[in-house]
Amino acid sequence: MIKLIASDMDGTLLNASMQISEENIQAIKYAQSKGIEFMVATGRNRKEALPPLEEAGLECAMINLNGAQVFDESGNSLFTVPIDREKTRSIIDLLKEQIIYFEISTSNGIYSESQIRRIENFAIHTAEAMPHLTHKMAIAMTAARLEFLPINYVTDFSELFLLEELEFLKIICFHPDGASVLGPITQVIDGYGDLVVTSSGQNNIEINHRNAQKGIAVAQVAKERGFDLAEVLTIGDNLNDLSMLQAAGVSFAMGNGEIEVKEAAKYLTSTNIDSGVGKAIMRAIEENL
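All values derive from a computational prediction rather than experimental measurement. (Residues numbered from 1 in each chain as written. Predicted model: local features only at pLDDT ≥ 70, side-chain atom pairs only at ≥ 80, totals over all residues. Heavy atoms only, no water.)

Engineer: Quick question: what am I supposed to make of the overall build of the protein here?
Structural biologist: Summing up its helical and strand segments, the protein has 11 helices and 14 strands in all. Sorting the 289 residues of the protein into buried and exposed places 53% on the buried side. Restricting the contact set of the protein to residue pairs at least 6 apart, pairs at least 24 apart contribute 60%. Surface exposure of the protein reaches about 12600 Å², of which carbon and sulfur atoms provide 50%. (Helix = DSSP H or I, 4+ residues; strand = E, 2+ residues; numbered from the N terminus. Buried < 20%, exposed > 50% of the residue type's maximum accessible area, 1.4 Å probe, protein only. Contact = heavy atoms within 4.5 Å. Areas by Shrake-Rupley, 256 points an atom, 1.4 Å probe, with all protein chains shown as cover.)

As structure tokens, then:
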């Protein structure tokens, strides 16, 4: 019997309206009633991840920023895996040289240099999730959503290095041309040695310390709980979920997931707009996977 469930959020637990469906909520609560722990493993920081969970009445532990931060269900930090400050400087210089928009997630929240470019790039992600939207509609919906998400705007990222206590946890980069532009950047960053590059969408890449991965974090949480990885269920849809799908004894790929994710997972569930997480949880419990 599984003892721990770790689910991705965007494209997985959340539907097209960025909410948790009633079917997903009921399946999670049913699992919890059986003594199974549920947690989210997301690229979002904790403040971004909380609203849909609170709306659904769910309180759980979190793996945030792909594994750079882990919190217990009360919001207490369990561990943090930052990127070296000088490596961060080098990445910033590289991305600015290539005119690529990016944001930095830190121990004090997210930082950006441009609100306009932030909306433009997130609108592309919104349009991917809801292809029926026009570009103008995607922009409007994105602007409304981002208005309520906490972020800090700075004139220049160099300001951040004046804050000695600040830890750099994740850098997310966006470009409308996707892999054709971001692929070469990935190759350069791979050469840094202690960094890992993943993705949560067609038009982005996410840069973390190589020890800040969902799979590593899930394994650490399981160890601290006294669970074997064979007793862990993970669910995801995109490339930043691969490490935890490969680590867990039971893993489900979403029906809307990337091909590589479906190949890595042991089982396939429905899409995020058809409550694939709830269906995976119920199947795992009923079939004693």
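That shown, we press on.
Engineer: Looking at this structure, I do not really get the nonpolar core. What am I missing?
Structural biologist: Within soluble globular proteins, side chains that are nonpolar tend to cluster in buried spots. Of all hydrophobic cores here, the largest spans 29 residues; its most connected members are I5, L53, L233, I235 and I281. When contributions to this core are tallied by element, the ones reaching two or more residues are α1 (9–13), α2 (22–33), β2 (37–41), α3 (46–55), β12 (232–236), β13 (250–253) and α11 (276–286). The biggest single contributor to this core is α11, with 5 residues. Once residues within four sequence positions are removed from consideration, L53 is found in contact with M9, L13, I20, V40, L58, C60 and M62. Counting 24 residues, the second-largest nonpolar core is a separate cluster that includes L95, I104, Y111 and L182. (Core = buried A, V, L, I, M, F, W, Y, C linked by side-chain atoms within 4.5 Å.)

Engineer: Sorry if this is basic, but what is going on with the packing of α2 against α11 here?
Structural biologist: Direction vectors running N to C along α2 and α11 enclose 30 degrees, while the axes themselves pass 7 Å from each other. Here α2 lies roughly parallel to α11, going by the angle between them. Regarding α2 and α11, the two cross each other, and that crossing is left-handed. On α11, the residues that touch E23, N24, A27, I28, Y30 and A31 of α2 are G276, V277, G278, K279, I281, M282 and I285. The residue makeup of the contact of α2 with α11, split by class, is 8 nonpolar, 3 polar and 2 charged. (Axes fitted to C-alpha atoms, helices over the stretch in contact; angles between N-to-C directions. Parallel < 35°, antiparallel > 145°, perpendicular 65-115°, else oblique. Left-handed = near helix turned anticlockwise from the far one by under 90°. Nonpolar A, V, L, I, M, F, W, Y, C, P; charged D, E, K, R; others polar.)

Engineer: Any chance you could explain the sheet that holds β13 here in plain terms?
Structural biologist: The pairing of strands in a sheet happens through backbone hydrogen bonds and is either parallel or antiparallel. Here 8 strands make up an open sheet; going across it, the order is β5-β4-β3-β2-β1-β12-β13-β14 and the pairing mixed. Single-partner strands in this sheet number two, and they are β5 (77–80) and β14 (267–268). Here 4 bridges tie strand β1 (residues 4–7) to β2, and the two strands are oriented parallel to one another. Along β2, the bridge assignment pairs S7 with V40. Running at roughly 135 degrees to strand β3 (residues 61–64), α3 makes contact with β2, β3 and β4 (69–71) of the sheet. (Pairing = 2+ DSSP bridges.)

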